[in-house]
Amino acid sequence: MGMFERDTDIYRDRDALREDYQPEQLVGRDEELDTYRAALQPVINGEQPNNVFLYGKTGVGKTAATRYLLQHLQEDAAHYDDIELTVVALNCDGLTSSYQVATRLVNEFRDDTEQISTTGYPRASVYEMLWSELDECGGTILIVLDEVDHVEDDSILYQLPRARANGNLSTAKIGIVGISNDFSFRDDLSPKVRSSLCEQEIHFPAYDATDLQKILEQRVEVAFHDGVLDPGVIPLCAAYGAKDAGDARQSIDLLMKAGDLARDDDTERVAEEHVERGRRALERGRIKEGITGLTQHGHLVLYALLTLDLENEAPVRSRDVRPRYTRFAEMADRDPLVPRRMRDHLSELAMLGIISVTERNEGRRGGTYREYALDMDVDLLLDAMADTVQDVGVHQSVKEFLLEDPTDDFTDARVSDFAED
Ligand code: ADP
Ligand code: MG
């Protein structure tokens with residue numbers, strides 16, 4: 001046997017659980033798909049397409065439904081000689097302005113040698129280039145702007161739907177499919193943009209546990225060998241998915257994590273215990289990502305609270321976190337923030353689920369105050385803000401967590417002598 005041996009006991013096709021996998025059928029979205037299909041029907045009739053706007057939280061099937069229908073639309077349109085259909089799909093994550101969207105669209109129509117850079121042209125001339133590319137392409141052009149809520153100005157959303165009416169296009173018939181994960185995006189559009197972009201609006205509601213269970217059952221058929229899942233596994237993944245956000249992506253990720261853990265265990269069955277462990281692992285990953293994304297002051301506030309908690313001082317009020325935070329900031333060579341800003345960091349940590357907050361009443365005279373405590377295990381927190389802990393030094397209360405493990409990076413970190421505070 002070589003060093004690598006193929007594992008085949010659990011998965012039939014693990015890739016079917018990945019983000020980029022497109023299921024052949026969508027489960028339980030008949031109503032939304034009917035409306036969506038009707039909105040695209042004019043394309044087949046050779047008419048000017050409707051603009052469609054899809055909205056709903058992440059993981060509710062908006063992108064999957066779009067890929068599914070547009071693929072069918074392209075296949076079916078190919079049967080009609082008089083229909084020239086072109087579909088251009090852009091994900092706007094990372095594109096913050098209409099200008100960037102317009103340059104990306106221009107480049108979609110151009111050869112590699114004629115690409116334009118994303119800076120350096122006046123906006124009006126990028127739009128001119130776009131109109132001439134669209135007209136040169138001609139026929140019916142569907143432009144999908146997925147995650148369009150990332151685009152901060154609505155110029156392109158105004159210009160595209162009106163390009164024909166404004167005389168910018170003569171031959172091409174264009175339709176826009178806008179997709180948003182953010183509910184407020186639609187309401188924040190100016191009325192003139194909304195009325196043209198949102199000719200047909202389709203809301204994708206969150207999934208409940210029953211929906212998720214059906215989606216998972218379908219996916220399991222493709223991804224896993226028959227009979228390797230204990231009967232409780234799918235219901236448990238579905239229940240967690242429904243509890244979290246009704247997000248199919250999260251449930252599928254959880255199932256994959258459970259499958260991977262079972263595979264690592266060298267067992268031939270995926271059990272509920274693997275789902276439970278998988279959930280904890282994913283949760284830790286999310287929290288770690290959340291902490292890594294904070295500013296250093298966020299870390300300093302968290303480090304201060306963590307050490308107070310370990311000294312059994314928590315739950316603790318903001319004003320009692322302050323002296324230690326100030327001290328840590330100074331040790332890390334940073335100017336401490338004013339109390340209000342420091343409190344904002346506590347609120348943010350609470351919002352991320354990293355620390356817990358309790359409202360308390362100030363007794364008879366009314367008024368409330370908030371108390372904070374840790375809500376995560378210490379190793380995870382220390383690991384996620386390792387750089388800050390290095391900068392401040394190792395506080396007495398966390399020594400045992402950092403110094404007992406010889407493989408830890410902190411063995412040579414300076415162990416600070418903290419004055420009592
Ligand atoms: P959104 O675009 O709304 O954020 P996606 O379309 O990316 O969500 O869906 C998230 C994941 O869940 C994808 O892997 C997708 O294939 C799957 N999925 C969502 N809805 C369904 C469904 N109704 N049937 C089967 N798979 C689904
Ligand atoms: Mg999507």
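Calculation criteria
Residues numbered from 1 in each chain as written. Chains lettered and ligands numbered in written order. Predicted model: local features only at pLDDT ≥ 70, side-chain atom pairs only at ≥ 80, totals over all residues. Heavy atoms only, no water. UniProt positions renumbered as here; feature names shortened; annotations may be inferred. Helix = DSSP H or I, 4+ residues; strand = E, 2+ residues; numbered from the N terminus. Buried < 20%, exposed > 50% of the residue type's maximum accessible area, 1.4 Å probe, protein only. Contact = heavy atoms within 4.5 Å. Axes fitted to C-alpha atoms, helices over the stretch in contact; angles between N-to-C directions. Parallel < 35°, antiparallel > 145°, perpendicular 65-115°, else oblique. Left-handed = near helix turned anticlockwise from the far one by under 90°. Nonpolar A, V, L, I, M, F, W, Y, C, P; charged D, E, K, R; others polar. Near = heavy atom within 4 Å. Polar contact = N/O pair within 3.5 Å; in protein donor to acceptor, adjacent residues only side chain to side chain. Areas by Shrake-Rupley, 256 points an atom, 1.4 Å probe, with all protein chains shown as cover. Domains from an automatic or database assignment. Pairing = 2+ DSSP bridges. Right-handed = clockwise from strand over helix to strand, strands pointing away. Core = buried A, V, L, I, M, F, W, Y, C linked by side-chain atoms within 4.5 Å. Phe/Tyr/Trp six-rings, centres within 6.5 Å; stacked < 30°, edge-to-face > 60°. Lys NZ or Arg CZ within 6 Å of the ring centre and 35° of its normal.

The protein chain carries the name ORC1-type DNA replication protein in an unreviewed UniProt entry, which gives Halobaculum magnesiiphilum as its organism. What the UniProt record of the protein chain gives under Function (unreviewed entry) is the line "Involved in regulation of DNA replication." Of the comments in the UniProt record for the protein chain, the one headed Sequence similarities (unreviewed entry) reads "Belongs to the CDC6/cdc18 family."

Undergrad: Looking at this structure, I do not really get the side chain of Arg249. What am I missing?
TA: Relative to the helices and strands, Arg249 is located in helix α10 (residues 248-264). For Arg249, a relative accessible area of 19% gives the class buried. Not counting chain neighbours up to four residues away, the residues in contact with Arg249 comprise Leu17, Arg18, Glu19 and Gly59.

Undergrad: Mind showing me how you'd approach the packing of helix α8 (residues 209-223) against α10 here?
TA: Helices that pack against each other are described as a pair by the angle of their axes relative to one another and the distance between those axes. Two numbers describe how α8 lies on α10: the axes approach to 10 Å, and their chain directions differ by 45 degrees. Taken together, the axes of α8 and α10 are oblique relative to one another. Between α8 and α10 lies a crossing whose hand is right-handed. Across from Leu212, Ile215, Leu216, Arg219 and Val220 in α8, the residues of α10 making contact are Ala248, Ser251, Ile252 and Leu255. Looking at the contact of α8 with α10, its residues break down into seven nonpolar, one polar and one charged.

Undergrad: I tried to follow the site of ligand 1 on my own but got confused; where do I start?
TA: Every one of the 19 residues lining ligand 1 counts as a neighbour, but Gly59, Lys62, Thr63, Tyr207 and Arg249 are closest to it. Here an oxygen atom of ligand 1 sits 3.1 Å away from a polar atom, N or O, in the main chain of Val60. With respect to ligand 1, the side chain of Arg219 contributes an N or O atom lying 2.9 Å from an oxygen atom. Contact with the protein chains covers 93% of the free accessible surface of ligand 1, which is 560 Å². Elements with a contribution of two residues or more to the shell around ligand 1: α2 (62-77), α8 and α10. Here the shell around ligand 1 is composed, by residue class, of nine nonpolar, five polar and five charged. Taken together, domain 1 (30-203) and domain 2 (210-290) each give at least three residues to the shell around ligand 1, which thus spans both.

Undergrad: I tried to follow the pairing of strand β3 (residues 140-146) on my own but got confused; where do I start?
TA: Remember that side chains alternate between the two faces of the sheet whenever the strand is regular. Of all seven residues in β3, seven are buried, a share of seventy percent or more. Covered by surrounding structure in β3 are Thr140, Leu142, Val144 and Asp146 together with Ile141, Ile143 and Leu145, the residues of both alternating faces. Bridge count between strand β2 (residues 85-91) and β3: seven bridges; the pairing is parallel. Each residue of the ladder has a partner; that of Leu90, found in β3, is Leu145. By the bridge criterion, six bridges tie β3 to strand β4 (residues 173-180) in an arrangement that is parallel. Considered in β4, the bridge of Val144 is made with Val177. Handedness of the crossover joining β3 and β4 through helix α5 (residues 155-162): right-handed.

Undergrad: Can you walk me through the nonpolar core in this structure?
TA: A general tendency of soluble globular proteins is for nonpolar side chains to be buried together. Among the nonpolar cores identified, the biggest contains 52 residues, and Tyr36, Phe224, Leu229 and Leu255 are the most heavily contacted of them. Of all elements in the fold, only α1 (30-44), β1 (52-55), α2, β3, β4, α8, α9 (233-244) and α10 reach the threshold of two or more residues within this core. A per-element tally of this core places α10 first, with seven residues. If you count residues domain by domain, this core takes at least three from each of domain 1 (30-203) and domain 2 (210-290). In this view, Tyr36 contacts Val52, Leu54, Ala65, Thr66, Leu69, Val177 and Ile202; residues no more than four positions away in its chain are not counted.

Undergrad: Sorry if this is basic, but what is going on with the packing of aromatic side chains here?
TA: Aromatic ring pairs are defined here through the distance separating the ring centres and the angle between the ring planes. Scanning the model with the defined rule gives six aromatic pairs in all. Centre to centre, the rings of Tyr11 and Phe224 are 5.0 Å apart; their planes meet at 35 degrees, and the pair counts as tilted. Residue Tyr11 is found in the segment before α1, and its partner Phe224 is found in the loop between α8 and α9; the two are separated by 213 residues along the sequence. Aromatic rings pair up to connect Phe53, Tyr55, Phe183 and Phe185 into one cluster. Over the ring of Tyr158 we find Lys192; its NZ or CZ atom is 4.4 Å from the centre of that ring. The ring of Tyr369 carries Arg317 above its face, with NZ or CZ at 3.8 Å from the centroid.

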